[in-house]
Amino acid sequence: DRHPVETFDFYGIKPNMQVLEFAPGEAWFTELLAPALSKQGKLYCSSTDPNGPPDDRMTFYGQRFKGFLARSSEAYGKVETVIISPMKPTLPMKGTLDMVVMMRAMHGVVNAGSLDKWLAEMFDALKPGGTLAVEQHRAKPDAVPTESAKKGYLPEKWVIDRVTAAGFVLEAKSEINANPNDTTDWPEGVWTLPPTLRLGEKDKAKYLAVGESDRMTLRF
């Protein structure tokens, strides 16, 4: 469902690049990017502080990612974690990156009200001519972004408009990760579908048959 080879070929990732994976979540893509960049390039991954307040969800996310990297020093030992604060967008790497990768992550910063600030930071962190790679669950064209984001989806034109307003230029888009079976109106949002399957066994066969979400794949 995720077409990683085709997707990363479309983005133009090369083994000698300096790449930031923004908001890696449960690190599905990190598992592929880290070894691909370990010999000639560099993978940075943003993470919230694992040493933050113990009752803060952001601390849990930081601990989860730290635990993931600790699973294999051979595979992930060269990954550099960039600690960020969701409430104070900043990337301390001005003009050093070849690519920033946002895989299924943009709805999170929309929900936090910090999309424009993060886009500005990414623009500054990239070298001239650098690439912003976006994969995002795709809402219906007439969806209200602040509402659809709560369900994990964003309308494609709106995403393009926001990113280009930050100074980026849309270079190409692809339907590699399109899924016409995704109606985007699921009871638990995108997390109703695999791989999360938030409803558990309820209608599980139905959601497995739908597959993973319909996604825009954009290169700026």
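Here, the structure is the one placed above.
Here's a quick rundown of the structure.

Remarks on the overall build of the protein chain
Point 1. When helices and strands are counted, the protein chain shows nine helices and seven strands.
Point 2. Radius of gyration (C-alpha) of the protein chain: 17 Å, near the 17 Å computed for a compact globule of 220 residues.
Point 3. Along the first, second and third principal axes, the C-alpha atoms of the protein chain reach 45 × 40 × 35 Å.
Point 4. Within the protein chain, the proportion of its 220 residues that are buried is 49%.
Point 5. The long-range fraction of contacts in the protein chain, counting pairs at least 24 apart against all pairs at least 6 apart in sequence, stands at 73%.

A short note on the sheet that holds strand E2 (residues 42-47)
Point 1. Spatially, seven strands are ordered E3-E2-E1-E4-E5-E7-E6 in an open sheet, and the strand pairing comes out mixed. The open sheet is flanked by strand E3 (80-83) and strand E6 (172-174), the only strands paired with a single partner. Across the sheet, the mean angle separating the axes of adjacent strands is 20° when strand polarity is ignored.
Point 2. The pairing of strand E5 (residues 126-137) with strand E7 (residues 215-219) spans five bridges and is classified as antiparallel. Across the sheet, alanine 133 pairs through a bridge with arginine 219, a residue of E7.
Point 3. Across the face of the sheet, helix H1 (residues 4-11) comes into contact with strand E4 (97-103), E5, E6 and E7 while running at roughly 30° to E7.
Point 4. Across the sheet, helix H6 (residues 115-125) touches E4 and E5, and the angle it forms with E5 is around 140°.

Concerning the packing of H6 against helix H8 (residues 156-165)
Point 1. H8 packs onto H6 with a crossing angle of 55° between their chain directions and a minimal axis gap of 9 Å. In terms of their interaxial angle, H6 and H8 are classed as oblique. Seen from above, H6 lies across H8 with right-handed handedness. From H6, Leu115, Asp116 and Leu119 reach across to H8, where they touch Trp158, Arg162 and Val163.
Point 2. Within the contact of H6 with H8, the residues separate by chemical class into four nonpolar, no polar and two charged.

Remarks on the nonpolar core
Point 1. Formed by 31 residues in total, the largest nonpolar core has its most connected members in Met106, Met122 and Leu132.
Point 2. For this core, the secondary structure elements donating two or more residues are E4, helix H5 (106-111), H6, E5, H8 and E7.
Point 3. Per-element tally for this core: the top contributor is H6, with five residues.
Point 4. When neighbours within four sequence positions are excluded, leucine 132 is seen to be in contact with Val100, Met102, Leu119, Met122, Leu126, Val163, Phe168, Leu218, Arg219 and Phe220.
Point 5. In this structure, Val19, Leu43, Val79 and Met99 belong to the second largest nonpolar core, which totals 23 residues.

Thoughts on the pairing of strand E1 (residues 18-21)
Point 1. Relative to E2, E1 runs parallel, the two being bridged by four bridges. Its bridge partner being in E2, glutamate 21 is matched across the sheet by cysteine 45.
Point 2. Read from E1 through helix H2 (residues 30-37) to E2, the crossover connection turns out right-handed.
Point 3. As paired strands, E1 and E4 are joined by three bridges and run parallel to one another. Paired with valine 19 across the strands is methionine 99, a residue of E4.

Overview of the environment of asparagine 179
Point 1. For asparagine 179, the location among the structural elements is in the loop between E6 and helix H9 (204-210).
Point 2. Asparagine 179 gets classed as buried once you look at its relative accessible area, which sits at 10%.
Point 3. Every residue in contact with asparagine 179, bar those within four places of it in the chain, is listed here: Val210, Gly211, Glu212, Ser213 and Asp214.
Point 4. Within the structure, asparagine 179 has its side chain in polar contact with the backbone oxygen of glutamate 212 (distance 2.7 Å).

Criteria and thresholds
- Residues numbered from 1 in each chain as written.
- Predicted model: local features only at pLDDT ≥ 70, side-chain atom pairs only at ≥ 80, totals over all residues.
- Heavy atoms only, no water.
- Helix = DSSP H or I, 4+ residues; strand = E, 2+ residues; numbered from the N terminus.
- Rg over C-alpha atoms; globule rule 2.2 N^0.38 Å.
- Buried < 20%, exposed > 50% of the residue type's maximum accessible area, 1.4 Å probe, protein only.
- Contact = heavy atoms within 4.5 Å.
- Pairing = 2+ DSSP bridges.
- Axes fitted to C-alpha atoms, helices over the stretch in contact; angles between N-to-C directions.
- Parallel < 35°, antiparallel > 145°, perpendicular 65-115°, else oblique.
- Left-handed = near helix turned anticlockwise from the far one by under 90°.
- Nonpolar A, V, L, I, M, F, W, Y, C, P; charged D, E, K, R; others polar.
- Core = buried A, V, L, I, M, F, W, Y, C linked by side-chain atoms within 4.5 Å.
- Right-handed = clockwise from strand over helix to strand, strands pointing away.
- Polar contact = N/O pair within 3.5 Å; in protein donor to acceptor, adjacent residues only side chain to side chain.

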